[in-house]
Amino acid sequence: MYALVEFKGKQYKAEKGALLKVSKIDANPGTTVNIDTVLLVSGDSVLVGSPYVEGAKVSATVESHGKDDKIIVFKYKPKKDYRRKQGHRQEYSIIKIENISA
């Protein structure tokens, strides 16, 4: 059984026991997060929402937080002595899917 969920503007495939890397959640590790924006549930039969499946819910536990690798943003214009270098590290959370209810 799996579900397609929309979380923080992105879509993820959630299966029981799977670990998902999502944008940073303001919750301590070990807390439970309920996601009720379920787009599709597939098991014995397929339930497709318009846009969301009514009554479907995915519960997950926050495992940890972290930062991705640094991305370098470098802008320049040739022959004009214009150079800008900037770095960025995106914060993320790892969540573990505990239960999918339809």
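Everything that follows concerns the structure shown earlier in this document.
Residues numbered from 1 in each chain as written. Predicted model: local features only at pLDDT ≥ 70, side-chain atom pairs only at ≥ 80, totals over all residues. Heavy atoms only, no water.

Q: It is not clear to me how the sheet that holds strand E2 (residues 10-15) should be interpreted in this structure. Could you clarify?
A: The sheet built from 4 strands is open, its strands ordered E2-E1-E5-E6 with antiparallel pairing. The open sheet has two free edges, formed respectively by E2 and strand E6 (46-48), since each of these has just one partner strand. Adjacent strand axes in the sheet meet at a mean angle of 15° when their direction is disregarded. Two elements, strand E1 (residues 2-7) and strand E5 (residues 38-42), share 4 bridges in a ladder whose sense is antiparallel. When the sheet's bridge partners are listed, valine 5 is paired in E5 with valine 38. (Pairing = 2+ DSSP bridges. Helix = DSSP H or I, 4+ residues; strand = E, 2+ residues; numbered from the N terminus. Axes fitted to C-alpha atoms, helices over the stretch in contact; angles between N-to-C directions.)

Q: So what exactly am I meant to see when it comes to a nonpolar patch on the surface here?
A: Taken together, the side chains of Ile72, Phe74 and Tyr76 define a hydrophobic patch exposed on the protein surface, amounting to about 340 Å² of accessible area. Positionally, tyrosine 76 belongs in strand E8 (residues 71-77). Assessed through its relative accessible area of 48%, tyrosine 76 is described here as partly exposed. (Patch = residues over 30% accessible without salt bridge, like charges linked within 9 Å, V, L, I, M, F, W, Y side chains within 5 Å. Areas by Shrake-Rupley, 256 points an atom, 1.4 Å probe, with all protein chains shown as cover. Salt bridge = Lys/Arg side-chain N within 4 Å of Asp/Glu carboxyl O. Buried < 20%, exposed > 50% of the residue type's maximum accessible area, 1.4 Å probe, protein only.)

Q: Can you help me understand the pairing of strand E4 (residues 32-35) in this one?
A: Note on strand geometry: in a regular strand, side chains alternate between the two faces of the sheet. The side-chain alternation of E4 yields one buried face, formed by Val33 and Ile35, and one unburied face, formed by Thr32 and Asn34. Bridging between E4 and strand E7 (residues 57-67) involves 4 bridges; their strand directions are antiparallel. Looking at the pairing, isoleucine 35 lines up with valine 58 of E7.

Q: In this structure, what is going on with the side chain of serine 93? I would like to understand it.
A: Examined against the element boundaries, serine 93 turns out to sit in strand E10 (residues 91-101). The class of serine 93 is buried, set by a relative accessible area of 0%. Looking at serine 93, its side chain comes within polar contact range of the side chain of histidine 65, at 2.8 Å. In this structure, serine 93 is in contact with Leu20, Lys21, Val22, Ser23, Lys24, Ile25, Ser64 and His65, ignoring residues within four places of it in sequence. (Polar contact = N/O pair within 3.5 Å; in protein donor to acceptor, adjacent residues only side chain to side chain. Contact = heavy atoms within 4.5 Å.)

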